[in-house]
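Per-entry structural report
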Amino acid sequence: MDELEDMELNRILSSFSCEQDEDIEVFLRERAVKFEQLSKSCTYLAFDQDQLQKGYESLAVYGYISVALKVLSVPDYTSNRVRKELDGLSAKIHGTRIDDFPCYLIGQLARSSSVPKDSITGKQLVDFAFDVISAAVNAVGGRYVMIECHDDEKLVGFYRQNGFFEIARIPDKDKPMVQMVCKIIQ
């Protein structure tokens, strides 16, 4: 990228704000490009269609998603029924329980606080993420999508409404997290 493109990208990314969680802003502005360069994740931006037609000068990020690959390591207390469902065939390999499952990770999913609330919904962003993941599934396969979100009743409820179910809670003194998964329907 040349310096002008870099400045324009920074201006566009800085149009995004998230009043609920500063980490979401920091990821987009400071780490998303580096994660792309390292092939750790891919970030997709959502824009207003009318703004796209007007050109880059007025472009603002309405929302974004970041998608990556991750291994889901289930806790010991996870039932064999759930393990078999996650694997698709069995809960064990050669008599040993399967503990790790490859998944697609929606690492970030957020709507900008600086745009009208009715301009883009969380459901639209989830659908956008599943559209991106579907292309990967068609190329290489995959059974589940996972998220790791703050242990917040409203946030966990949002993901439940969008087909995710809880697998584990990750204790942390500052910000406990909840791991949730959703089966990919093709």
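Above this text is the structure in question.
Anyway, here's the lowdown on the structure attached to this text. (Residues numbered from 1 in each chain as written. Predicted model: local features only at pLDDT ≥ 70, side-chain atom pairs only at ≥ 80, totals over all residues. Heavy atoms only, no water.)

The biggest cluster of nonpolar side chains holds 26 residues, and the ones touching the most others in it are Ile106, Ile133, Val145, Phe164 and Met180. Elements that contribute at least two residues to this core include exactly β2 (63-73), β5 (100-111), α5 (122-140), β6 (144-150), α6 (153-161) and β8 (177-183). Considering every element that reaches this core, the biggest residue donor is α5, with seven residues. When neighbours within four sequence positions are excluded, Phe164 is seen to be in contact with Ile106, Phe130, Val145, Met146, Ile147, Tyr159, Met180, Val181 and Cys182. Counting 13 residues, the second largest nonpolar core, distinct from the first, contains Leu72, Val82, Ile98 and Tyr144. (Core = buried A, V, L, I, M, F, W, Y, C linked by side-chain atoms within 4.5 Å. Buried < 20%, exposed > 50% of the residue type's maximum accessible area, 1.4 Å probe, protein only. Helix = DSSP H or I, 4+ residues; strand = E, 2+ residues; numbered from the N terminus. Contact = heavy atoms within 4.5 Å.)

With that settled, the discussion passes to α5. Here α5 is 19 residues long and its end C-alpha atoms lie 27 Å apart, about the 27 Å a rise of 1.5 Å per residue gives. Looking at α5, one finds that the buried residues are Leu125, Val126, Ala129, Phe130, Val132, Ile133 and Val137. Residues of α5 that are buried make contact with β1 (42-46), β2, β5, β6, α6 and β8. After α5 finishes, the residue Gly141 shows a positive phi value of roughly 90 degrees. (Expected span 1.5 Å × (residues − 1).)

Let us now look at the layout of surface pockets. In this model, the largest pocket occupies a volume close to 1,400 Å³. Secondary structure elements with two or more residues in the lining of the largest pocket: α2 (22-37), β2, β5, α5, β6 and α6. If you tally residues by element for the lining of the largest pocket, the top one is β5, at seven residues. Of the residues belonging to the lining of the largest pocket, the class tally is 19 nonpolar, nine polar and eleven charged. (1 Å grid on protein atoms, 1.4 Å probe; cavity = no way out; pocket = protein on both sides within 12 Å on 5 of 7 lines; lining within 4 Å. Points joined across faces, edges and corners; volume = space filled by probe spheres on them. Nonpolar A, V, L, I, M, F, W, Y, C, P; charged D, E, K, R; others polar.)

Next up on the list: unusual backbone geometry. Negative phi values dominate among residues other than glycine, just as trans dominates among peptide bonds. In this structure, Ser39 is a non-glycine residue whose phi angle is positive, near 60 degrees. Relative to the elements of secondary structure, Ser39 occurs in the loop between α2 and β1. A positive phi is found at His94, a non-glycine position, where the angle reads about 50 degrees. Assignment of secondary structure puts His94 in the loop between β3 (92-93) and β4 (96-97).

For β6, a buried count of five out of seven residues is recorded, marking the element as mostly surrounded by other parts of the structure. In this sheet, β6 lies alongside β5 in parallel orientation, the contact comprising two bridges. In the strand pairing of β6, Leu105 is matched with Met146. Crossover connection from β5 via α5 to parallel β6: handedness right-handed. Pairing of β6 with β8, which is carried by seven bridges, proceeds in the antiparallel orientation. Bridging from a neighbouring strand, Cys149 pairs with Val178 of β8. (Pairing = 2+ DSSP bridges. Right-handed = clockwise from strand over helix to strand, strands pointing away.)

Bringing the side chain of Arg83 into the picture now. Within the element layout of this structure, Arg83 appears in helix α4 (residues 80-87). Taking the relative accessible area as the measure of exposure, Arg83 reaches 0% and is therefore buried. Within polar-contact distance, the side chain of Arg83 engages the backbone oxygen of Ile98 at 2.7 Å. Contacts of Arg83, omitting those with residues within four sequence positions, involve Val74, Pro75, Asp76, Thr78, Ser90, Ala91, Arg97, Ile98, Asp99 and Phe101. (Polar contact = N/O pair within 3.5 Å; in protein donor to acceptor, adjacent residues only side chain to side chain.)

Further remarks concern the packing of aromatic side chains. Here a ring pair, both rings aromatic, is described through the centre-centre distance and the interplanar angle of the planes. A full pass over the atoms with the stated rule returns seven aromatic pairs. Here the aromatic rings of Phe158 and Tyr159 are separated by 5.0 Å at their centres, their planes lie at 70 degrees, and the arrangement is edge-to-face. When the centroid spacing of 5.5 Å and the interplanar angle of 80 degrees are considered together, the rings of Tyr159 and Phe164 count as edge-to-face. Here Tyr159 and Phe164 have matching classes, each one buried. An aromatic cluster of at least three residues, connected via ring pairs, comprises Phe16, Phe27, Phe35 and Tyr64. (Phe/Tyr/Trp six-rings, centres within 6.5 Å; stacked < 30°, edge-to-face > 60°.)

On their own, these measurements won't tell you what the molecule is for.
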